[in-house]
Each structure stands twice: as structure tokens, then as C-alpha cells.
Amino acid sequence: MSLPRIVCPHNQHLLRTFSGQSVAVRVDHWEKAAEAADDVCSSGNELFCVIVDTTAPLDEIVLPDDWKQIPLAIMVPTIGKFRNLTAKLKAWRDFNLRVFLGCDDASNRAALRILSSLGIQTCAVFGSGKDDWEALSDLMTYAVLGQLPHASIDPFSFIATNYQPNAWVDWGALYFDDPKHFLHLDDQGRVALSRAARERGDFVAQSLAECGAAAELPAIKHRKRTFMQYFLDNHACSFCPGWKLCLGRFSASVPQDNGCSGFFLEMIDVSRQFKRLNVMPQDKQVWRP
Amino acid sequence: MSWENLIYIADFLERSGERHVSLLGGEPTLHPEVVDFILYLVARNFVVTVFTNGILSPARLQEFKTHFADAEVEQLSFVCNLNDPVLTPASPGETERINTFLSILGPWVTPGFNIYRTDFTLDFLFECINRYGLRRHLRLGITHPIPGKGNLFIRPLEMRQVCRRLYSYREKFDAFRVKPGLDCGFPICQFSDEELGWLRRLGLSQFSCSAAIDITPDMSVYHCFPLSNYRRKSLFEFDSMAQIHEHFVRIKDQIKVEIAGIYPECDGCNYQEDGICGGGGLCQVLLRFVDEASVRLPEIEHELAKNRLST
């Protein structure tokens, strides 16, 4: 079985220690994105995307035209001033990019709508413990049931599209936080199951070679089963009606009863509405080999 | 106005097939995010008109200069309401700011003038148009009554004088190649045939009063500014602009059943029946309710009382 995708820092030496993998390479400045993409390709790996994780606002970022083919995940604290962005956005619609923005404050929630309404794919980052769940509900409703077609605002668009009445929706991979899909490497090539685990030095292997068949890795097996603990512990999340969407994702960061339950319950309702609105009449099926 | 509401309105208009947006106030240029709002609407391919008094702070004017200097005049324009410098002079500081605004954004500016007295003058406007290279179109509005407010406005019996006065500027309009644009409320019967011939040659043939559809920052909708207190509704109660128009046409019809127009002769007038004339502004018509005995529909009576319009 092949390994999940690899998330690693932009480090030529590290990239040459493995090959044949799908790689999301991290850079801390947008100017390094093209070079990082080239280095991944020349190392014998396949580029999944470049993660630009920067403290600069979005309006400071310049994307040259010849970067259109580079898949970009741009993580920024704010969009900066719209007036500085507006000339760029028209061109950015043709880029293969998604903008990640935190949702703690109203201006960022508005920014997600602005970008989406102008055709830029976005992803809302929430669950810091300072969330305004009611405002997030408004954003989610706009994302899923907005009056006009607009670019997706994940995870809401992803959840609504993949919602099944009798199944969980796991959307951690949108944030590169799902060991079934992504393993995280540090500069020394040590393997962690998430970005947070990497940052706190919680490694499951000293190198990719140690991982072998990733699905068999005890740590990944354990991570897949962590949901059971909520039920064994009789945790409040285990009997929350919103469980099948959040899977206890915020149990550590979010204080109990602060609105996340109501939010995910509403998300289920909105997803159902979305499914109802998007039922396509079944086409006549003509045989095809 | 918040970004959320602005985006909701933009979506609402786009879904309704509406491509024109006007930003009004108060004074819209005072909004801290006005530049971003305008740029956003332009990015959404709306044709944007900003109504302003032209009194902009130097910092705001610099922002306008930086961001709108390359705007297509077909997509972004300003209507600057100007006051007569003799009859209603602005302070020297204000005049200087207006002049600076016009000198920088002149090609994007349509001058506007609100007629609130019968001895109005337009000479200064022609001078402004030439001096600052403004658009050769003059938006002329009649000041209307706001029912219940007791404001200064042109009364029905003064309309003829206004029309005559306007026609007295014909030579200047023609010489400066400026086209007059009449806002709602001018009744066709108050123009002579000669005056109408001139207006017709300039392409003006409608004298109706239709809903402007104003949307407030709290997402209320109303017919127009003079009727801002009359039967407001929330924008969220509608699915499209067509529904809003339908709603206000219904209100208008309800009023017109009671009183056809601002003159007794409006009742049975062919021009009104053919939709060429609106029988004056609806606000003027409504004012007749306020002043007359309550022989109207209970629904109208109730609304007048609720909004304290029948003072």
C-alpha cells in the first residue's frame, strides 16, 4: 500500500531522501513557491501543492502569470485591504489556488464571502475557541445555499457536497490534518500525523522508510480509532447530534456548550437542503461499454 | 452598510438581472469603506453611480483619485448635486473642496440640481460643466414633500412656473450641448407643446413616477426617499427585484385608486392612463391624503397614522 501524501518543508536535501511520493511542500513566503514546486518535481516526486503559510496579508502577495499551473494553498492571517487586491483577483480566478483564512473576527468572515463571491476558492479555519458560531452559521449558509453561484468556501461546501444521511463526513484532509491522506515531515524527516503533532514534536517514526505500509502503522491505526474513546468516556460530544460532521474535532479547543453543537446541527439541516435542491433528474441511460 | 449586506444586495440584484446600482446617503463618500465597496461592485460588473455633494476630505479625494482614475466612465460615475452659489452659497471651505473634486473627477461627474424654488438659476451649472469637463447631462430633480415632515418643496400650483423657467434656459442647454434629465414628478400637462417638442427632440418622453427602490443599511426597502417612512419592508421578504417592483406598484395603484394625481384633472387623463405621465410624484399625491378628509382605504389610513404622516 502506498503512503499518504507527504507534507514537508521546502528543503532540497529532505526532498531527495524519498521519491515517487505526492508532496505538499511548505514555504513561509510566497516568493519561494515556484522554486519549491520545481524542487519537488526535480526530486522525483509529484507536486500535490505548495502550502504558502505566511504572516503577510493576502494583498501583499504577487502571483506571476506563469504560476497558474502551480496548485497553491495560501494561508494568510487577513486579506489586507480590498482596494489593493481588486486588480489581482481577476487574474487569480485562473490560478489553481485556495485561500485559507481564520474565522475568529468579523472582517475575515466578510473576506471569505468577498473572495468567494469574486470567484476565489477559500477555506475557513475555525475551532480556535474564540469562534462566533452564529456568525459562522451565517457564513456556512451563504457558502452552501447562497443565491448565486460562487466559489466554494470549504469546509462548508465540501461537507454539504459529501453529506450522507447515514455516514460521517471527515473533512480534516482539507487542512492537511488526516493521517489517512497526509503525513507531516519536519526538517529532519521525522514523521508526525498532523501539523499540530509535528509542532509539538510528537513523531510516530524517525523517517518515512520506517513507516512501511502506512495503513499498518500502529499510530495511524490508533488515530483512526480515537473516535471510540469519546463513546467509551461518555464524552458530551458522543451524544451530540452534530457528531457525524464534527467527529469531536473541537472537543479540546472549544469550551463545552458554546454553540458548536447548534452550528453542526444547522450544518446538517443546510446540507440536507442542499442535497434536496441539487437532486438532478435521472438522465436516460444509454449503454456504454 | 456591512460587507455581508452589500454582498447579499449584489447577489440579489445580479440574480434579478439588475446591473445598475446607485450609492446614496446621507453622504456615501463618508462611509469608511466606500472605496472598497465601489471597487467591489465594479469587480462584480455592476454599473455604479455614486450620489455625492462633492465635499470630500483631501484624504478621501486622494483615495478616489488613486483608485478610480482608470475607471471606465460607462461603469462608474458620480452625480454631484450642486447648489446655486448666490442663492444658497456653500462655505468657502466647502466650495474649495467641491471644486477640487470636480477638477479631479470631472469626466466621471454628472451635475445634479434640486429645484426647490421657482426663481432658480442654472447659469452656474453650465459654467461648471465647461470649466471642469463634466458630463453633458444635467440631472434635474424637484424637491418633493416628505409626508408628515413639513419640508420645503415645489407645490403643484408652482409646477408651471418651474417648467417655464426651465425652458427659459433652452438656449443655454442647446449652446452648451447639455441634455436635461428630469427626475420623477414633472407632470406633462405643465409643459407647453413647444416645450414638450424641445424635450422630445432631446429624447425625453416619460413623465412618470416609478419606484426608485431604496435599500437601507438595515436592509429595509422603500419606494423612494420622500416615501421612506411609508410601508417599508425588509429586503429579506423578497426573492427578486421584480417582486419588490410588484409590491410598490400595488401600493401605488392602491393610492391612485383614491387620488389619481396631484391635480383634479389627473383623474381620467389620457397621458396617465397610457403610462406617459405619473400625475406628479406619488409623495405629492400622498400628501393630499394627509391634508384631506379620511375617505381612503383603511389600509392607507392605518399606515399614515402608524408613521405619523397625518400631522
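Residues numbered from 1 in each chain as written. Chains lettered and ligands numbered in written order. Predicted model: local features only at pLDDT ≥ 70, side-chain atom pairs only at ≥ 80, totals over all residues. Heavy atoms only, no water.

Caption draft 1: Representation of the overall build of chain B. Helix and strand counts for chain B stand at 12 helices and 9 strands. Its C-alpha atoms give chain B a radius of gyration of 20 Å, within 12% of the compact-globule value 19 Å for 311 residues. Dimensions of chain B along its principal axes, counting C-alpha atoms only, are 55 × 50 × 35 Å. By sequence separation, contacts in chain B at least 24 residues apart represent 72% of the contacts at least 6 residues apart. (Helix = DSSP H or I, 4+ residues; strand = E, 2+ residues; numbered from the N terminus. Rg over C-alpha atoms; globule rule 2.2 N^0.38 Å. Contact = heavy atoms within 4.5 Å.)

Caption draft 2: Main features of the side chain of Asp 84 of chain B. All names here are of chain B. As for its position among the elements, Asp 84 is in the loop between strand S3 (76-81) and helix H4 (92-105). For the buried Asp 84, which has no salt bridge, the nearest side chain bearing the opposite charge is Arg 117, at an N-O separation of 7.3 Å. Discounting chain neighbours no more than four positions away, the residues touching Asp 84 are Pro 89, Phe 113, Thr 121 and Phe 124. (Buried < 20%, exposed > 50% of the residue type's maximum accessible area, 1.4 Å probe, protein only. Lys, Arg positive; Asp, Glu negative; His and termini not counted. Salt bridge = Lys/Arg side-chain N within 4 Å of Asp/Glu carboxyl O.)

Caption draft 3: Structural view of the interface of chain A and chain B. At the interface, 15 residues of chain A touch 17 residues of chain B. Per-residue buried area on chain A facing chain B is highest for Arg 83, Gln 147 and Leu 148 of chain A; these three make up 48% of the total on that side. Linking chain A with chain B are 2 salt bridges. Between Arg 83 of chain A and Glu 63 of chain B there is a salt bridge, with the nearest N and O atoms lying 2.8 Å from each other. Across the chain A-chain B interface, the total number found is 4 residue pairs in polar contact (both at pLDDT 80 or more). (Buried area = accessible area lost by both parts, 1.4 Å probe. Polar contact = N/O pair within 3.5 Å; in protein donor to acceptor, adjacent residues only side chain to side chain.)

Caption draft 4: Geometry of the confidence of the model for chain B. Residue and element names in this part refer to chain B. Of the residues in chain B, 94% have a pLDDT of 70 or more, and the chain-wide mean is 88. Ranking the helices and strands of chain B by mean pLDDT puts helix H2 (residues 34-43) first, with 96, and helix H12 (residues 298-306) last, with 68. The ipTM for the predicted assembly is 0.86, set against a pTM of 0.88. (pLDDT = per-residue confidence, 0-100.)

Caption draft 5: Main features of unusual backbone geometry. Residue and element names in this part refer to chain A. The omega angle of the peptide bond from Asp 154 to Pro 155 is 5°, so this bond is cis rather than trans. Topologically, Pro 155 is positioned in the loop between strand S7 (153-154) and helix H6 (156-162). We note that Asn 234 has phi near 55°; this positive angle belongs to a residue other than glycine. Among the structural elements, Asn 234 can be located in the loop between helix H10 (226-232) and helix H11 (243-246).

Caption draft 6: Here's a closer look at the packing of H2 of chain B against helix H3 (residues 58-68) of chain B. Residue and element names in this part refer to chain B. Relative to each other, H2 and H3 sit at 20°, their axes nearing to 10 Å. If you check the angle between H2 and H3, you find them roughly parallel. As for the relative orientation of H2 and H3, their crossing is right-handed in sense. On H3, the residues that touch Val 34, Val 35, Ile 38 and Leu 39 of H2 are Arg 60, Glu 63, Phe 64, His 67 and Phe 68. (Axes fitted to C-alpha atoms, helices over the stretch in contact; angles between N-to-C directions. Parallel < 35°, antiparallel > 145°, perpendicular 65-115°, else oblique. Left-handed = near helix turned anticlockwise from the far one by under 90°.)

Caption draft 7: Broad picture of the sheet that holds strand S8 (residues 182-185) of chain A. Residues and elements named next belong to chain A. An order of S7-S6-S5-S4-S3-S2-S1-S8-S9-S10 is seen for the 10 strands of this open sheet, with the pairing classed as mixed. Looking at strand neighbours, the two that pair on one side only are S7 and strand S10 (203-205), the edges of this open sheet. One ladder, built from 2 bridges, connects strand S9 (residues 191-192) with S10; its direction is antiparallel. Across the sheet, the residue bridging to Val 191 is Ala 205, located in S10. Lying on the sheet, helix H4 (residues 106-117) is in contact with strand S5 (97-102), strand S6 (121-125) and S7; it crosses S5 at an angle near 165°. (Pairing = 2+ DSSP bridges.)

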